[in-house]
Amino acid sequence: MTGRLDALIVRATVRIGPEGEPDTLWGSGFFVAPGWVLTCAHVLPAHARGDRRATLRVHGHHGLDARAVTAYWLDGTDPEQDLALLRVTDPVDHVCVRLTDRYDPPLAVTAHGWRSPGGGPPQRWSGHTECNGKDGAHGLTLAPLVEIPHGASGGPLLDRERGLVAGVVKARRANKDGGLAVATTALRGFRRALPVGGESSLGADPYSALIRAHDVWHERVRGGQAWVKAQQELCGGGVRRWTPRDSAQACALLAALPGPASPAQLQELIELVLGDEPLWEDERAPHDWRDGQGWLYDHAEGADVVSLHYLRVVAHACADRAPEAAARLERWVAERAGQLPDHLRALLLNVTPAAPAPWAAAPHPTAADEPGGSTGTCEPGLAPEDTAEHDDGPVVAVELEPDLFRPHDRFHWRIWTWTGGQDTARAVDQDTDGEGASLAELPYVLNEPLTRTFGLLDTGRRARLELAVPVDHFGVDAHLWRPGPVARSLKPHPADRPFGVHRQVVLRCLKRRGEPTDVWRERWRGVAEGTPKALPVQSPALAAQTLGQAPPGAVPVLCRPPAESTEPLTRAIGAGYGIMLWNLRGEHAHGCGPDCERLHDKAAELLGSTSRASALPERLRALRERVSRCDEDAYWAEDLALLYDDPRRPIPLCDDLLESP
């Protein structure tokens, strides 16, 4: 029975219409957090959608009648992105539904909403049906046990077995039986929602702010409006059960913690708890602590044991950034573990959670971390050292394999990620087009997979982009690639600038896949253990002797671009150099000139002021940012490229080479 929950969901469900026309029904919606209504974007007429804020009315139970404004939209035309958030501006007393944190779809469901039968006054509507399939990453198909009326779109879909709202009613299916709903996992798209009219009340990550306000409300509310109490009555308790009350308390405690440094950190912790790599879809991957909690149900060892282990690991990961909130979570875990059998309680509480990777504890971005934010002061011609730089930061590498039949014209690609050392390598995406892509096409082809991958790994200082190409293509200007067009504003946005300005961009040698050679390791140790020293390489004829006799800590600096000669670059790779600087453009018809001398002097100055080689990618990024701001003292580095080929994280060998058939 869901009688009490049905009564609560009726109180939380509203109808949406224009001001001054109380009987006009645009569609339905429901309260998900104090003052916030979720609905389908399509229920709002054209004049109420877009960049300009629109004022409307929401009506509901017991004469609820309040003014609201459009606040956030999802940016996209996919049916699963048909969601909008409305902010209620009038003070009203209302109930919030409780959203599921589970990944598996519900079975028996009830759709709620409003309708206008025969064009008359709006009235409440509900219908029982079943979820009989999925449509895309977030779409839920509804069995034809009920006909969804016009006006019900945007209403909540209640999972009758678990007592949670599992989706948003979207529409009847045109020319098909049943209907369609959008699963609540689609709300994660609000991390990149478009604010309307300068809306900023949910901060930089509207999804996390919304879901945390939702969880805090459900933990604090008592009495007749307490959804968790009604859900507890529906689901029951019993020994060794992870109850709705447990889930609500855990979610509220997680809401008090700072969010994960990145989705990749969260996913690493879940993998640590489960002892295996979860196989989630990219679109439904977890982003906040609550999402991770929802991945642990129905585990063979019991949801209570696995969930408590997860909560301990999260508390440990947040202890430095939020000691008091982490300690509260630890105390709650210890108290709740008292309900476990003695041997499980001892195992859970006596084992120290494994520490996350060093980069994973990085704080959220600050204003200075944002693209275009301040990078500190520095002397003319030099970039400040990045004190947050460390060797095992997150990396996104793009491996470009020349096409077997057109090696100079077409490439096949694979994207790798590292969140720590060599054993954290993951192949996350690859080319599926047998024709490959040209160098000119690659920035557009790679835009979507790179955007998705960066979204999983970016911390305050952003994941580094490494491009692995053959030496013949070391003239590629990957630092000038930029994200695809984004519908933010007519005004420029810092994140729309070339990659090289707001994230580290370096090159790697494709030939060095697999196990590193001894000479490569030796030269890397030479630059890693002391201040790197510039090794000028001016003449291709003398490159072999110059490179072969240099000490391990040397960093070759080449003033001749690859377009003129790749011989010095090839010899440097063969001699084991893992770090190298060269000029991407330049004219040497009459030999070296003043520009070459300036390049060598400035590069020597840069290297001599760098205490460790691992800081070089950030030093070059900061120089590129200064060039973008028309700092003439940094112009010498505009066409500078960096080889940063770390043998401690080599690109793995794959059995299936990226070649066309």
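Because the structure is predicted, anything quoted here is derived from the model rather than measured.

What counts and what doesn't
- Residues numbered from 1 in each chain as written.
- Predicted model: local features only at pLDDT ≥ 70, side-chain atom pairs only at ≥ 80, totals over all residues.
- Heavy atoms only, no water.
- Helix = DSSP H or I, 4+ residues; strand = E, 2+ residues; numbered from the N terminus.
- Contact = heavy atoms within 4.5 Å.
- Core = buried A, V, L, I, M, F, W, Y, C linked by side-chain atoms within 4.5 Å.
- Buried < 20%, exposed > 50% of the residue type's maximum accessible area, 1.4 Å probe, protein only.
- Salt bridge = Lys/Arg side-chain N within 4 Å of Asp/Glu carboxyl O.
- Expected span 1.5 Å × (residues − 1).
- Arc of directions from axis to C-beta.
- Pairing = 2+ DSSP bridges.
- Axes fitted to C-alpha atoms, helices over the stretch in contact; angles between N-to-C directions.

S.K.: Pulling in residues and values, what's your account of the side chain of Ser307?
M.R.: Locating Ser307 in the fold gives a position in helix H7 (residues 303-318). Apart from the residues lying within four places of it in its own chain, the contact partners of Ser307 are Trp242, Gln293 and Leu296.

S.K.: Give a description of the nonpolar core that names residues and reports values.
M.R.: Formed by 56 residues in total, the largest nonpolar core has its most connected members in Val58 and Phe190. In contact with Val58, other than residues within four places in its own chain, are Val14, Arg15, Ile16, Leu64, Asp65, Ala66, Ala68, Leu86 and Val88. By size, the runner-up hydrophobic cluster in this structure holds 44 residues, among which are Leu442, Leu456, Leu535 and Ala572.

S.K.: Break down the pattern of salt bridges for me, with residues and values.
M.R.: Across all of its chains, the model carries 42 salt bridges by this definition. Between Glu219 and Arg245 there is a salt bridge, with the nearest N and O atoms lying 3.6 Å from each other. Pair noted here: Glu219 is in helix H2 (residues 206-220) and Arg245 is in helix H4 (residues 244-255), with a separation of 26 residues, a long-range link. Residue class for Arg245 comes out partly exposed when judged on its relative accessible area of 22%. A salt bridge links Arg406 to Glu435; the nearest nitrogen and oxygen atoms lie 3.2 Å apart. With a gap of 29 residues between them, Arg406 in the loop between strand S14 (395-402) and strand S15 (411-418) and Glu435 in the loop between strand S16 (426-430) and helix H10 (442-445) connect regions that are remote in the sequence. For Arg406, a relative accessible area of 33% gives the class partly exposed. It is possible to trace a salt-bridge network through shared partners that takes in Glu19, Arg57, Asp65, Arg67 and Asp90.

S.K.: Just give me the short version of helix H16 (residues 594-608), but keep the residues and values in it.
M.R.: Relative to the 21 Å expected for 15 residues at 1.5 Å per residue, H16 spans 21 Å between its end C-alpha atoms, a close match to the ideal helical length. Packed against the buried residues of H16 are strand S19 (533-537), strand S20 (554-558), strand S21 (579-583), helix H17 (616-628) and strand S22 (640-644).

S.K.: Please set out helix H15 (residues 567-574) residue by residue, giving values where relevant.
M.R.: Residues of H15 that are buried include every one of Pro568, Leu569, Ala572 and Ile573, and no others. For H15, the buried positions fall inside an angular range of 135° around the axis, keeping them on one side. Next to the buried residues of H15 lie strand S18 (505-509), S19, helix H14 (543-549), S20, S21 and S22. Gly576 sits one or two positions beyond H15 and adopts a positive phi of about 95°.

S.K.: Go over the pairing of S18 with me, naming the residues and quoting the values.
M.R.: Most of S18 sits inside the fold, with five of its five residues counted as buried. The side-chain alternation of S18 yields two buried faces, one formed by Val505, Leu507 and Cys509 and the other by Val506 and Arg508. Pairing of strand S17 (residues 464-469) with S18 involves five bridges; the strand directions are parallel. Counterpart to Ala468 in the pairing with S18 is Arg508.

S.K.: Talk me through the sheet that holds strand S9 (residues 139-142); I want residue IDs and the actual numbers.
M.R.: In space, the six strands of this closed barrel follow the order S7-S8-S9-S12-S11-S10, with antiparallel pairing throughout. For this sheet, the mean angle separating the axes of adjacent strands, direction not counted, is 45°. With four bridges joining them, S9 and strand S12 (residues 179-183) adopt antiparallel strand pairing. From the neighbouring strand, Thr141 faces S12, where its bridge partner is Leu180.

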